[in-house]
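These are the residues of each chain, in order.
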Amino acid sequence: MLGAILETIREDNQLGNFGYYKGVVEMGLGWESFVPGHDATPTLGEPGKASLSPTVVVKVHAPCRPEDPAFRRAVDRIMAIHPWETPVIEIAPLRLVCREISR
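Quantities reported herein were computed from a predicted structural model and do not represent experimental measurements.

**Q** Explain the nonpolar core to me, and be specific about the residues and the numbers.
**A** Nonpolar side chains in soluble globular proteins generally cluster together in the buried interior. Judged by nonpolar contacts, Ile-5, Leu-6, Ile-9, Leu-15, Phe-71, Ala-74, Val-75 and Ile-78 together constitute the single largest core of eight residues. Elements with a minimum of two residues in this core: α1 (2-9) and α2 (69-81).

**Q** Just give me the short version of the layout of surface pockets, but keep the residues and values in it.
**A** Volume-wise, the largest pocket comes out at about 1300 Å³. Around the largest pocket, the lining is made up of 38 residues, and of these Val-58, Lys-59, Val-60, Ile-89 and Glu-90 lie nearest the centre. Ranked by residues supplied to the lining of the largest pocket, first place goes to strand β2 (residues 51-59) with seven residues. Roughly 290 Å³ of volume is contained in the second largest pocket. If you go around the second largest pocket, you meet 14 residues; those closest to its centre are Phe-34, Pro-42, Trp-84, Glu-85 and Thr-86. Among the residues forming the lining of the second largest pocket, the class breakdown is eight nonpolar, four polar and two charged.

**Q** Outline α2, supporting the account with residue identities and numerical values.
**A** When the terminal C-alpha atoms of α2 are compared, their 18 Å separation across 13 residues agrees well with the 18 Å that a helix rising 1.5 Å per residue should span. Listing the buried residues of α2 in full gives Ala-70, Phe-71, Ala-74, Val-75 and Ile-78. All buried residues of α2 fall inside an arc of 135 degrees around its axis, so they share one side. Opposite the buried face of α2, at more than 90 degrees from it, the exposed residues are Pro-69, Arg-73 and Ala-80. Here the buried face of α2 lies against α1. Where α2 begins, the side chain of Asp-68 points an oxygen toward the backbone nitrogen of Ala-70, at a separation of 3.0 Å.

Cut-offs used in this document
Residues numbered from 1 in each chain as written. Predicted model: local features only at pLDDT ≥ 70, side-chain atom pairs only at ≥ 80, totals over all residues. Heavy atoms only, no water. Core = buried A, V, L, I, M, F, W, Y, C linked by side-chain atoms within 4.5 Å. Buried < 20%, exposed > 50% of the residue type's maximum accessible area, 1.4 Å probe, protein only. Helix = DSSP H or I, 4+ residues; strand = E, 2+ residues; numbered from the N terminus. 1 Å grid on protein atoms, 1.4 Å probe; cavity = no way out; pocket = protein on both sides within 12 Å on 5 of 7 lines; lining within 4 Å. Points joined across faces, edges and corners; volume = space filled by probe spheres on them. Nonpolar A, V, L, I, M, F, W, Y, C, P; charged D, E, K, R; others polar. Expected span 1.5 Å × (residues − 1). Arc of directions from axis to C-beta. Contact = heavy atoms within 4.5 Å. Polar contact = N/O pair within 3.5 Å; in protein donor to acceptor, adjacent residues only side chain to side chain.

Pasting the structure below:
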């Protein structure tokens, strides 16, 4: 699953686009805790019981508006790839500070 998500990020879209570099992604290991509701069909754990699961957090910058068609297609593809019943993708505006490179 992670390989397919990274492949999507590296395709021709704005995900991870930093001009001279494409497909830039930050990954971190962590833990996730959750309690599936009684009507849930969790990939891990059981409804009504607290679960603790190792996780990989994937962060990627996209220098485009959320309405960009290629961006939307990439996000939709990641949602389809992800095995969770309720995948979580955060989309938030930010101010990115980078060093300018002149060539």
